[in-house]
Amino acid sequence: EAEVAQSPRYKITEKSQAVAFWCDPISGHATLYWYRQILGQGPELLVQFQDESVVDDSQLPKDRFSAERLKGVDSTLKIQPAELGDSAMYLCASSLGGPGPYGYTFGSGTRLTVV
Amino acid sequence: AQKVTQAQTEISVVEKEDVTLDCVYETRDTTYYLFWYKQPPSGELVFLIRRNSFDEQNEISGRYSWNFQKSTSSFNFTITASQVVDSAVYFCALSEGGMKTSYDKVIFGPGTSLSVIP
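Residues numbered from 1 in each chain as written. Chains lettered and ligands numbered in written order. Predicted model: local features only at pLDDT ≥ 70, side-chain atom pairs only at ≥ 80, totals over all residues. Heavy atoms only, no water.

Some thoughts on the layout of surface pockets
If you add up the space inside the largest pocket, you get close to 510 Å³. For the largest pocket, the lining is made up of 27 residues, of which A:Q37, A:L39, A:G40, B:Q39 and B:V89 are closest to its centre. Elements supplying a minimum of two residues to the lining of the largest pocket: β9 (88–95) and β11 (110–114) of chain A together with β10 (88–96) and β12 (112–117) of chain B. Split by residue class, the lining of the largest pocket holds 11 nonpolar, 14 polar and two charged. Of the voids in this model, the second largest pocket is the one considered here, and its volume is about 300 Å³. Lining the second largest pocket are 14 residues, with A:E1, A:E3, A:T105, A:F106 and B:L45 positioned closest to its centre. (1 Å grid on protein atoms, 1.4 Å probe; cavity = no way out; pocket = protein on both sides within 12 Å on 5 of 7 lines; lining within 4 Å. Points joined across faces, edges and corners; volume = space filled by probe spheres on them. Helix = DSSP H or I, 4+ residues; strand = E, 2+ residues; numbered from the N terminus. Nonpolar A, V, L, I, M, F, W, Y, C, P; charged D, E, K, R; others polar.)

This is the structure:
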């Protein structure tokens, strides 16, 4: 069964350092999402790509977060500098089109701890 | 604006009891999708069900059943004869827009943590 690949699985970083997460969606999935899940809360959308274009980054803290999907395939989410409050699970998901009609598959996530 | 409410933060049941997880949603769209996901302690989000706004039929899958009522904007999830392996956080979620656009996103509720005690 096709999967959304994410790496690393776990990341510990010091405050003020840079950190990056990688996501490889299911082949052929045009839509890619990055979510952040703080412990005890539901996932919150950070950024949504349609192919290589950002279609929604309204919740992305742009002063420190950036995301790219240069060739419309895999994607990288970067935080620089990391802050203690960034400790969370970062989840990537992909879909053929919208999540409603086509379904939505999540990766296993990257658990970030900022110390 | 879309919103999902799961009023039950934590639920504990004894194994073999039935349990219902509540979900209430808000949307202005007439076309939307509702979801339930399970998140076990390992952390991955496991898809359980997707239901579109035009299909109000209740669904049963093994020990799981879902009751969708548009009149009360609710999409409740019942586990029958609960088992220890059902212990997880369960999220109800909503996606607006239907087929109009590919630019849809899923909004999650805060989750309900279910503990099934042996």
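Having put the structure on the table, let's press on.
Quick word on the interface of chain B and chain A
Facing 21 residues of chain B, the contacting portion of chain A comprises 27 residues. For the chain B and chain A pair, buried surface summed over both sides reaches about 1800 Å², with 57% attributable to carbon and sulfur atoms. For the pair chain B and chain A, the number of links is one salt bridge. Between A:D56 and B:K105 there is a salt bridge, with its nearest N and O atoms 2.9 Å apart. The interface formed by chain B and chain A includes five residue pairs in polar contact (both at pLDDT 80 or more). (Contact = heavy atoms within 4.5 Å. Buried area = accessible area lost by both parts, 1.4 Å probe. Salt bridge = Lys/Arg side-chain N within 4 Å of Asp/Glu carboxyl O. Polar contact = N/O pair within 3.5 Å; in protein donor to acceptor, adjacent residues only side chain to side chain.)

Observations regarding the side chain of B:Q2
Mapped onto the elements of the fold, B:Q2 is located in the segment before β1 (3–5). Beyond its immediate stretch of four places on either side in the chain, B:Q2 contacts B:E26, B:L94, B:S95, B:E96, B:K105 and B:I107.

A few points about the pattern of salt bridges
All names here are of chain A. Applying the stated criterion to the full structure yields eight salt bridges over all chains. In this structure, the salt-bridge partner of K62 is D57, at a minimum N-O distance of 3.8 Å. With relative accessibility at 27%, the residue D57 sits in the partly exposed group. Note that R64 is salt-bridged to E83, the shortest N-O span being 3.4 Å. With R64 in the loop between β6 (53–56) and β7 (65–68) and E83 in the loop between β8 (75–79) and β9, this pair connects stretches of sequence that are 19 residues apart. The class for R64 is buried, based on a relative accessible area of 13%. Among the residues examined, E83 registers a relative accessible area of 39% and is labelled partly exposed. When salt bridges with common partners are traced through the structure, they connect R64, E83 and D86 into a single cluster. (Buried < 20%, exposed > 50% of the residue type's maximum accessible area, 1.4 Å probe, protein only.)

Let's talk about the environment of B:L48
All names here are of chain B. Within the secondary structure layout, L48 lies in strand β6 (residues 46–52). As for L48 and Y37, which are separated by 11 residues in sequence, their C-alpha atoms are 5.3 Å apart. When residues no more than four places from it in sequence are discounted, the contact partners of L48 are W36, Y37, K38, Y64, W66, F77 and Y90.

Points about the sheet that holds β7(A)
All names here are of chain A. Strand order in this open sheet of four strands is β1-β3-β8-β7, and the pairing throughout is antiparallel. Two strands lie at the open edges of the sheet, namely β1 (5–7) and β7, each paired on one side alone. Between one strand axis and the next, the sheet turns by 15 degrees as a mean value, whatever way the strands run. The pairing of strand β3 (residues 19–24) with β8 spans five bridges and is classified as antiparallel. Considered in β8, the bridge of C23 is made with S75. (Pairing = 2+ DSSP bridges. Axes fitted to C-alpha atoms, helices over the stretch in contact; angles between N-to-C directions.)

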